[in-house]
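Chains, contacts and geometry: an overview
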Amino acid sequence: MSKLMTSAEAAELICDGAIIAVNSSSGLCCPDAILKGIGKRFKAVGHPKSLTTVHPIAAGDFFGTKGIDHIAHEGCLVRIIGGSYPSGPSQAEPTLIWNMILADKVCAYNVPSGVIFDMLREGAAMRPGVLTKVGLDTFVDPQIEGCAMNDAARKEPLVKRVEFEDDTWLFFKSLVPNIAIIRATTADERGNLSFEHEGAYLGAMEMALAAHNNGGTVIAQVKRVAASGTIRPHDIHVPSILVDGIVIAPDQLQTTGTDYDPAISGELIRPLDSFRTMDFSVNKVIARRVAQELKKGWAVNIGFGISANVPRILIEEGLHGEVTWMIEQGAVGGVPLLDFKFGCSANAEAFVTSPHQFSYFQAGGFDATLLSFLEVDKSGSVNVSRLSATPHRTAGAGGFVDITARAKKIVFSGNFNAGAKMRVKGGKLQIDREGKINKFVDAVDQVSFSGSRAQSQKQDVIYVTERCVIKLTERGLVITEIAPGIELQSDILDQAATELVVSDDCKIMDSNLFDPACMGLELMDRSRKAPCYGTYNDIPGRDGVQLHTQQSA
């Protein structure tokens, strides 16, 4: 019997009250046609209603892929468990799902992406749940917020803090979806799925297993159908025995704004000179300084924001390939892409599933991670997941909590405050107008990363800004480097809304960072020490500054 069906027929398979797992990362792998079919049916007949959806990574975005917004209607969707959510620029109107969350019209949770994949895997194996340390002492912890995004969620706790084997853990019950909605490139007539045009596998297999093993239904959206037996067995990533329905969407985008780019799916290797690099700017100075923290041979996770440009810095400096980049969607190696293509890599050397990638991250199997910050507080804790004034600008935590839980080295990057007008002139940083929003504060709005926990685990944590470099130590936030042209008191200490300590051996940042020409970056071997770029005596404004004793930073 044929498994082919329309999106309308697929929507009829979904019962009221169903739990639906959706495999997507913004526009990447998003089964948009099926979600649209569900939304159309609800608008026409009022069914399916009272749905719960599970999204380890967001379905849809602000840039042309509606995703979850197809079903973000009162009565249709009552509960959403998401690692991340559609996000976009502050001037954009919030999406429908954000309007529902903010109005308490849906019970909404932000759970670390890797933990959601773990919950699905445990559900597939019919085990009770996940014991993990990921999220302890952050907003995930029930002693703080327990993943709840609104009052509706706070009434139905999702996570417990428990004692097991003389240790403290977080416990999440297994997720058992009734429906798994996944996407691939090709299905053969039996329902075997291959992903040759996709930029990731994400968690398609794990979702299919979780639904199938518990008596549920698996529906796949694909671009095309092939004859049985024509897909190589090694190219099949979800077998037909798990697939119940196939919806053909010949116009499905590879990712938002991209019909098809063979470099994203690993079918073509792009020349390095085809990658756009940053124009010289203050943010490029930050990205360059972040790059100085890397060492040859490292495996490095990279996140959205300024640090996403660090691979382009290495290309400019002739160092591409000295570091292997890792992203949570599953690409290993290559060049992570920017903007709404973030989550894809061109020229990847391998693709693994997101659940496997997160297991690698959660255990700290990699060398370093480069991430952004919205706020940093006096304990070194970081908020990256919530801006109360414009919550739709942020996607939630995504894989941030999984990645930072045991990372050996973490390099956070961002501007020292928000709204400043700055430029680089004559090899020095010049501030023309000061920003009005502090980013170094006494307490962050939401704890996405716990500084105190990082201290107890002896993680190496630094914060790179255009004005200075700060290290997290047992003494607090310690300034170790200052940009040329910056006055310590007026430009740094007076612009922080919390106490910063100045290291006795504070240095001037490398002058090459502030030169538009290539900086001559050299990635260090493990045995080498960082060069000295200037002494504390060279820092403008040091006289008269009340310093804190700091033996070493």
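Look a little higher up for the structure.
Residues numbered from 1 in each chain as written. Predicted model: local features only at pLDDT ≥ 70, side-chain atom pairs only at ≥ 80, totals over all residues. Heavy atoms only, no water.

1. Quick look at the overall build of the protein chain
Put simply, the rule reads: Secondary structure counts use DSSP, requiring at least four H or I residues in a row for a helix and at least two E residues in a row for a strand, with both numbered from the N terminus. Burial status follows relative accessibility: with a 1.4 Å probe on protein chains alone, a residue under 20% of its type maximum counts as buried, one over 50% as exposed, and anything between as partly exposed. Residues are treated as being in contact if the distance between any of their heavy atoms lies within 4.5 Å.
Regarding its fold elements, the protein chain presents 12 helices and 34 strands. Its C-alpha atoms give the protein chain principal-axis dimensions of about 80 × 50 × 45 Å. The buried share of the protein chain, taken over its 553 residues, is 58%. Residue pairs at least 24 apart in sequence account for 77% of intrachain contacts in the protein chain once pairs closer than 6 positions are excluded.

2. Observations regarding a positive patch on the surface
Selection criterion: Put simply, a patch holds well-exposed residues, over 30% relative accessible area, that have no salt bridge, with like charges counted together within 9 Å and Val, Leu, Ile, Met, Phe, Trp or Tyr side chains within 5 Å. Accessibility throughout is a Shrake-Rupley quantity obtained with a 1.4 Å probe, and a residue counts as covered only by protein chains that appear here. Here a salt bridge means any side-chain nitrogen of Lys or Arg lying within 4 Å of a carboxyl oxygen belonging to Asp or Glu. Charged-residue counts in this description rest on Lys and Arg as positive and Asp and Glu as negative, His and the chain ends being excluded. In this description, the location of a charge corresponds to atom NZ of lysine, CZ of arginine, CG of aspartate or CD of glutamate.
A contiguous patch of positive charge, built from Lys36, Lys40, Lys43 and Lys66, is present on the exposed surface. Inspection of the secondary structure puts Lys43 in helix 2 (residues 32–45).

3. Brief notes about the sheet that holds strand 5 (residues 107–110)
This is how the line gets drawn: Following DSSP output, two strands are said to pair if at least two bridges run between them. Between N-to-C directions, angles cover 0 to 180 degrees, with each direction set by a line fitted to C-alpha atoms, over the stretch in contact for helices.
Pairing in this open sheet of eight strands is parallel, and the strands run 1-15-12-9-2-3-4-5 from one edge to the other. One side of each edge strand has no neighbouring strand; the edge strands of this open sheet are strand 1 (4–5) and strand 5. Relative to strand 9 (residues 179–183), strand 2 (residues 19–22) runs parallel, the two being bridged by three bridges. Along strand 9, the bridge assignment pairs Val22 with Ile181. Here helix 2 sits on the sheet and contacts strand 2, strand 3 (51–55), strand 9, strand 12 (217–222) and strand 15 (245–248); the angle it forms with strand 12, its principal contact strand, is near 120°. Here helix 6 (residues 204–212) sits on the sheet in contact with strand 2, strand 9 and strand 12, set at roughly 155° to strand 9.

4. Section: helix 7 (residues 282–291)
When you tally the buried positions in helix 7, you get nine out of 10 residues, the bulk of the element. Those residues of helix 7 lying buried are Val282, Lys284, Val285, Ile286, Ala287, Arg288, Arg289, Val290 and Ala291.

5. Re the packing of helix 4 (residues 113–124) against helix 6
Heads up, the condition is: Each angle receives one of four descriptions, namely roughly parallel if under 35 degrees, roughly antiparallel if over 145, roughly perpendicular if within 65 to 115, and oblique otherwise. In this scheme the handedness of a crossing depends on how the near helix is turned from the far one: anticlockwise by less than a right angle means left-handed, clockwise means right-handed. For this classification, the nonpolar set comprises Ala, Val, Leu, Ile, Met, Phe, Trp, Tyr, Cys and Pro, the charged set comprises Asp, Glu, Lys and Arg, and every other residue, Gly included, is treated as polar.
The interhelical angle for the contact between helix 4 and helix 6, taken along N-to-C directions, is 40°, at an axis separation of 8 Å. In terms of their interaxial angle, helix 4 and helix 6 are classed as oblique. The chirality of how helix 4 crosses helix 6 is left-handed. On helix 6, the residues touching Leu120, Arg121 and Ala124 of helix 4 are Glu206, Met207, Leu209 and Ala210. The residue inventory of the contact of helix 4 with helix 6, partitioned by class, reads five nonpolar, no polar and two charged.

6. A closer look at the side chain of Glu122
With respect to the secondary-structure elements, Glu122 resides in helix 4. The contact partners of Glu122, leaving out residues within four places of it in the chain, are Arg127, Gly129, Val130 and Ser174.

7. Considerations on the packing of helix 4 against helix 9 (residues 354–362)
One can describe the packing of helix 4 onto helix 9 by two numbers: an axis separation of 9 Å at closest approach and a directional angle of 120°. Between helix 4 and helix 9, the angle is such that the two are oblique. For the crossing formed where helix 4 meets helix 9, the hand is left-handed. For the pair formed by helix 4 and helix 9, the contact residues are Ser113, Gly114, Val115, Phe117, Asp118 and Arg121 on the first element and Ser354, Pro355, His356, Phe358, Ser359 and Gln362 on the second. In the contact of helix 4 with helix 9, the residues fall into four nonpolar, six polar and two charged.

8. Overview of the side chain of Ser84
Rule in force here: Pairing of N or O atoms within 3.5 Å defines a polar contact, subject to two protein rules: one partner must be a possible hydrogen donor and the other a possible acceptor, and residues neighboring in sequence count only if both atoms are side-chain atoms.
Relative to the helices and strands, Ser84 is located in the loop between strand 4 (77–82) and helix 3 (96–102). Overall, Ser84 belongs to the buried group, its relative accessible area being 10%. Polar contacts involving the side chain of Ser84 include one to the main-chain amide nitrogen of Ala58, which spans 2.9 Å. Here Ser84 is in contact with His55, Pro56, Ile57, Ala58, Asn110, Ala395 and Gly398, once residues within four sequence places are set aside.

9. Focus on the sheet that holds strand 24 (residues 382–383)
Across the sheet, which stays open at both edges, the three strands sit in the order 24-23-30 with mixed pairing between neighbours. Here the strands that pair on one side only, and so sit at the sheet edges, are strand 24 and strand 30 (440–441). Pairing geometry for strand 23 (residues 375–377) and strand 24, over two bridges, is antiparallel. Paired with Glu375 across the bridge in strand 24 is Asn383.

10. Looking at the packing of aromatic side chains
Heads up, the condition is: Aromatic rings from Phe, Tyr and Trp, with only the six-membered ring used for Trp, were paired whenever their centres fell within 6.5 Å, and each pair was classed as stacked if the ring planes differed by under 30 degrees, edge-to-face if by over 60, and tilted otherwise. Whether a charge lies above a ring is judged from NZ of Lys or CZ of Arg, which has to be within 6 Å of the ring centre and within 35 degrees of the ring normal.
This structure, assessed with the given rule, holds 14 aromatic pairs. Ring geometry for Phe195 versus Tyr201: centroids 5.6 Å apart, planes at 85°, classification edge-to-face. With a relative accessible area of 18%, Tyr201 lands in the buried category. Centroid distance Tyr360 to Phe366: 6.1 Å. Interplanar angle 45°. Geometry classified as tilted. Using a relative accessible area of 27% as the deciding quantity, one classes Tyr360 as partly exposed. A connected cluster of aromatic rings, assembled from ring pairs, spans Phe117, Phe358, Tyr360, Phe361 and Phe366. The ring of Trp169 has Lys133 sitting right over it, with the charged end atom 4.6 Å from the ring centre. Directly above the ring of Phe275 sits Arg270, whose terminal nitrogen or CZ lies 3.9 Å from the centroid.

11. Points about a nonpolar patch on the surface
There is a patch of nonpolar side chains on the surface, built from Leu4, Val225 and Ile248 and spanning about 230 Å² of accessible area. Among the secondary structure elements, Val225 is positioned in strand 13 (residues 224–226). Of the residues examined, Val225 reaches a relative accessible area of 35% and is grouped as partly exposed.

12. Quick word on unusual backbone geometry
For the bond from His47 to Pro48, the omega torsion is -5°, close enough to zero to count as cis. With respect to the helices, strands and loops of the structure, Pro48 is situated in the loop between helix 2 and strand 3. Residue Met126 is not a glycine yet carries a positive backbone phi of 55°. Considering the arrangement of structural elements, one finds Met126 in the loop between helix 4 and strand 6 (129–132). One non-glycine residue, Cys147, lies in positive phi territory at about 75°. Classification of Cys147 by relative accessible area gives buried; the value is 1%.

13. Observations regarding the pattern of salt bridges
Under the defined criterion, the tally for this structure stands at 23 salt bridges. Residue Lys133 pairs with Asp167 through a salt bridge whose shortest N-O separation is 3.0 Å. You can see Lys133 sitting in the loop between strand 6 and helix 5 (151–154) and its partner Asp167 sitting in strand 8 (residues 167–173), a full 34 residues away along the chain. The closest approach of N and O atoms between Arg276 and Asp339, which form a salt bridge, is 3.1 Å. Of this pair, Arg276 sits in the loop between strand 15 and helix 7 while Asp339 is found in the loop between strand 19 (335–336) and strand 20 (345–346), placing the two residues 63 residues apart along the sequence.

Everything listed here is a matter of geometry and, on its own, says nothing about what the molecule does.
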